[in-house]
Amino acid sequence: MPRITEELEHHAKKQSFRYDKLSQSKLVRQRGKLPENIEEGIVVQSIGKDFFVKLIGEKSREQIVECVTAGKIISENENSSMVAVGDRVGILLTKKKNIDSAEGKIVIVHPRVNCFSRKTVYQQSREDILASNINKILIFAATADPQYNRRFIDRLLLTAELNLIEPAICINKIDIIFNDELQDDFEAYVKLGIKVFFISALKEEGLDQIKDFIKDSITLLCGASGTGKSTLINRLSGSAIQKVTDISGKTSKGKHTTSATRMLEFEFGGKLIDTPGLREFALWGLTKAEIHLYFHEFDSYNPDCRFSPCTHTHEPDCAVKKAYEDGLIDMQRYESYLNIFDSLDV
Ligand SMILES: Nc1nc2c(ncn2[C@@H]2O[C@H](COP(=O)(O)OP(=O)(O)OP(=O)(O)O)[C@@H](O)[C@H]2O)c(=O)[nH]1
Ligand SMILES: [Mg+2]
Ligand SMILES: [Zn+2]
C-alpha cells in the first residue's frame, strides 16, 4: 500500500508531536525527537499489554518481535487507544542475542490512515480502536447460537461508513437455519448495495464469496462471540490451522485464543484480523444530529420533511416517518435509527 507508507513516512519526518498525559494509563504521548536505531514494523497481534510487531524495514526478514510499550510513546493519535493491530510503529530492540529472538519496545505509533473504533466500555469519551489501517470489514453474525442482532449490525455499518471502510455482512451457520424469512430480513441491506453473504463455515458452504471479498485487502472480522469467526479462519486456511500464515507465530498462547486481536495472512492473498467476540458496541465519533445521514433509505424522503434539520423522531410532517408508516422504509432499520438516536448523549 504505497499511499499509506508515504503518508506515514511524511509524518514520521516531521518530528514534532503533542504531549498528552493519559488519565487512565501510565503511558504518555510525548513531543520530541525520534530516537535513533528504530526498526519499523506493523502490529499484527495485541493481547493485553503484549504486542507482536512484524518488521517491515528493507533489511528485515519480516521477523515477528514480541514487544511491550515504552513508558513514553511518540504519537499524534489523540484521545484513543495507544496501540492497535494494524498500526505502523517504530520499535527499539531491547534484547538482541540474535534478531529472531529479539524483543522490543514500541516507542512510536505513526498516524493512522483510518481505524475502526467504538467508545470504551469502562471510560467515557475515549476511543477504543479495534484495528487500524484497514480497507474492509466483514460484519459477522449467525443464524442461531447466537442469533444475529440487526441493531448491532447497523451500529457496525455506521462506523464503517464513518471511517470509509467497505463493509459486508456475513451470516454464518446456514446449516442450522436457511429460509426465505432469513433472506428477507437482510433484503434491506441488499437494496442499499451492501454485500450480504450467507455461509456455513463448518460445512464450508459459500466460502468462495468470502475469499473474493477479502482478497488483496486488509479486512477486519468482527461480531459476537461464538458466531464462528475463528472457524471461518481455519476453514479459509485449508482446514489445517498451521496453514494459516499466522504472522504472530511467535506466541504460544494458544491458536484459537479469543482474547487476542490477530492479523492473519492467507495464501490466496489478503489479510483478515480476527477479534475477540464483541459484547457491546457504543458508537464513537457520531452525534445525534448526523446519524440520519448514514441511513441512506432516508435520503430520498429527507428533503420533504417540513423542518430542516429534522431528526425524524417527533417532528410534525416528517417525510421519513411517514415513509416508515407507509411501509416504504424497512421497519427494523427505522427502529435501529431511533435506538441509536436515543443511545447518544449529544
Ligand atoms: N452449526 C454450525 N456451527 C458452527 C459454524 N461455524 C462455527 N460453528 C460453531 O460455533 C462455535 C463457535 O465457533 P468459533 O469459531 O469459536 O466462534 P468465534 O466467533 O471465533 O467466537 P469468539 O472467538 O469467542 O469470538 C463452535 O462450536 C463452532 O464449531 C457453522 O457454520 N455451523
Ligand atoms: Mg474466535
Ligand atoms: Zn423528518
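Residues numbered from 1 in each chain as written. Chains lettered and ligands numbered in written order. Predicted model: local features only at pLDDT ≥ 70, side-chain atom pairs only at ≥ 80, totals over all residues. Heavy atoms only, no water.

Engineer: Whenever I open this one, the overall build of the protein chain confuses me. Can you help?
Structural biologist: Scanning the protein chain for helices and strands turns up nine helices and 16 strands. Burial status across the protein chain gives 51% buried among its 346 residues. Considering only residue pairs separated by 6 or more positions, the protein chain has 66% of its internal contacts joining residues 24 or more positions apart. As presented, the protein chain carries roughly 17000 Å² of accessible surface, and 48% of it is formed by carbon and sulfur atoms. (Helix = DSSP H or I, 4+ residues; strand = E, 2+ residues; numbered from the N terminus. Buried < 20%, exposed > 50% of the residue type's maximum accessible area, 1.4 Å probe, protein only. Contact = heavy atoms within 4.5 Å. Areas by Shrake-Rupley, 256 points an atom, 1.4 Å probe, with all protein chains shown as cover.)

Engineer: Where do I start with helix H9 (residues 331-343) in this structure?
Structural biologist: Note: α-helices contain 3.6 residues per turn, so residues at a spacing of three or four share the same orientation. Taking 1.5 Å of rise per residue, the 13 residues of H9 would be expected to cover 18 Å, and the 18 Å separating its terminal C-alpha atoms lies within 8% of that figure. Regarding H9, the residues found buried are Arg333, Tyr334, Ser336, Tyr337, Ile340 and Phe341. For H9, the buried positions fall inside an angular range of 155 degrees around the axis, keeping them on one side. With respect to the buried face of H9, the exposed residues turned more than 90 degrees away are Met331 and Asp342. The elements touched by buried residues of H9 are helix H2 (150-162), helix H4 (187-191), helix H7 (288-291) and helix H8 (319-325). (Expected span 1.5 Å × (residues − 1). Arc of directions from axis to C-beta.)

Engineer: So what exactly am I meant to see when it comes to the nonpolar core here?
Structural biologist: As a rule of thumb, nonpolar side chains are buried together in soluble globular proteins. If you look at the biggest cluster of nonpolar residues, it comprises 69 residues, and the most contacted ones within it are Ile91, Ile106, Phe116, Ile153, Ile169, Phe186 and Leu220. Per-element accounting of this core gives the leading share, six residues, to H2. Among all residues touching isoleucine 91, those that are not within four sequence positions of it are Asn37, Ile38, Glu39, Val53, Leu55, Val65, Cys67, Lys105, Ile106 and Val107. Counting 18 residues, the second-largest nonpolar core is a separate cluster that includes Cys170, Phe213, Ile214 and Ile233. (Core = buried A, V, L, I, M, F, W, Y, C linked by side-chain atoms within 4.5 Å.)

Engineer: Would you explain the coordination of the zinc ion (ligand 3) in this entry?
Structural biologist: Angles at a metal have ideal values that depend on geometry: 109.5 degrees with four tetrahedral donors, 90 or 180 degrees with six octahedral donors. In this structure, Cys305 (SG), Cys310 (SG), His312 (ND1) and Cys318 (SG) serve as the protein donors to the zinc ion (ligand 3), at separations of 2.1 to 2.4 Å. Taken together, the four donor atoms coordinating the zinc ion (ligand 3) and their angles of 103 to 116 degrees define a geometry best described as tetrahedral. (Donors = N, O, S within 2.8 Å, 3.2 Å for Na, K, Ca; no water. Tetrahedral: all angles 85-135°; square planar, octahedral: opposite > 155°, others 65-115°.)

Engineer: What is the right way to look at the packing of helix H5 (residues 207-214) against helix H6 (residues 229-236) in this model?
Structural biologist: The description of two helices packed together rests on the angle between their axes and the distance between the axes. Relative to each other, H5 and H6 sit at 90 degrees, their axes nearing to 11 Å. Taken together, the axes of H5 and H6 are roughly perpendicular relative to one another. Contacts from Leu207, Ile210, Lys211 and Ile214 in H5 reach Leu232, Arg235 and Leu236 in H6. Split by residue class, the contact of H5 with H6 holds five nonpolar, no polar and two charged. (Axes fitted to C-alpha atoms, helices over the stretch in contact; angles between N-to-C directions. Parallel < 35°, antiparallel > 145°, perpendicular 65-115°, else oblique. Nonpolar A, V, L, I, M, F, W, Y, C, P; charged D, E, K, R; others polar.)

Engineer: Would you explain the environment of glutamine 332 in this entry?
Structural biologist: Assignment of secondary structure puts glutamine 332 in helix H9. Sequence separation of glutamine 332 and arginine 151 is 181 residues, and the distance between their C-alpha atoms is 8.0 Å. Residues in contact with glutamine 332, not counting those within four places in the same chain, are Arg150, Asp154 and Asp185.

Engineer: Teacher, can you tell me more about the pairing of strand S13 (residues 218-223) here?
Structural biologist: A regular strand places its side chains so that they alternate between the two faces of the sheet. A large share of S13 lies buried, amounting to six of its six residues. Side chains Ile218, Leu220 and Cys222 of S13 all project onto a buried face; the interleaved residues Thr219, Leu221 and Gly223 project onto the opposite face, where all are buried too. Bridging between strand S10 (residues 136-142) and S13 involves five bridges; their strand directions are parallel. Residue pairing for S13: leucine 138 is matched across the bridge by leucine 221. Inspection of the sheet shows S13 paired to strand S16 (residues 271-274) by four bridges, in the parallel sense. Note that in S16 the partner of isoleucine 218 across the bridge is lysine 271. (Pairing = 2+ DSSP bridges.)

Engineer: What am I meant to see in a negative patch on the surface here?
Structural biologist: A contiguous patch of negative charge on the surface is contributed by Asp180, Glu181, Asp184 and Glu187. At three residues, helix H3 (residues 180-185) tops the list of elements feeding residues into the negative patch. Topologically, glutamate 181 is positioned in helix H3. (Patch = residues over 30% accessible without salt bridge, like charges linked within 9 Å, V, L, I, M, F, W, Y side chains within 5 Å. Salt bridge = Lys/Arg side-chain N within 4 Å of Asp/Glu carboxyl O. Lys, Arg positive; Asp, Glu negative; His and termini not counted. Charge placed at Lys NZ, Arg CZ, Asp CG, Glu CD.)

Engineer: Looking at this structure, I do not really get the pattern of salt bridges. What am I missing?
Structural biologist: Note that side chains of opposite charge can pair when their charged atoms are close. On inspection of all chains with the given rule, the structure shows 15 salt bridges. Residue glutamate 40 is joined to arginine 88 by a salt bridge in which the shortest nitrogen-to-oxygen separation is 3.2 Å. Here glutamate 40 is found in strand S3 (residues 39-47), whereas its partner arginine 88 is found in strand S6 (residues 88-95), with 48 residues between them in sequence. What makes glutamate 40 partly exposed here is its relative accessible area of 24%. We note a salt bridge from arginine 235 to glutamate 204, for which the minimum N-O separation is 3.4 Å. Pair noted here: arginine 235 is in helix H6 and glutamate 204 is in the loop between strand S12 (195-198) and H5, with a separation of 31 residues, a long-range link. Residue arginine 235 is classed as partly exposed on the basis of its relative accessible area of 23%.

Engineer: Before we go on, may I ask you to explain the packing of H2 against H9 in this structure?
Structural biologist: Between H2 and H9, the least distance of the axes is 10 Å, while the angle of their chain directions is 70 degrees. Classified by the angle their axes make, H2 and H9 are roughly perpendicular. Helix-helix and strand crossings are classified by hand; for H2 and H9 the assignment is right-handed. Listed contacts from H9 to Arg150, Arg151, Asp154, Arg155, Leu157 and Leu158 of H2 are Gln332, Arg333, Glu335, Ser336, Asn339, Ile340 and Ser343. (Left-handed = near helix turned anticlockwise from the far one by under 90°.)

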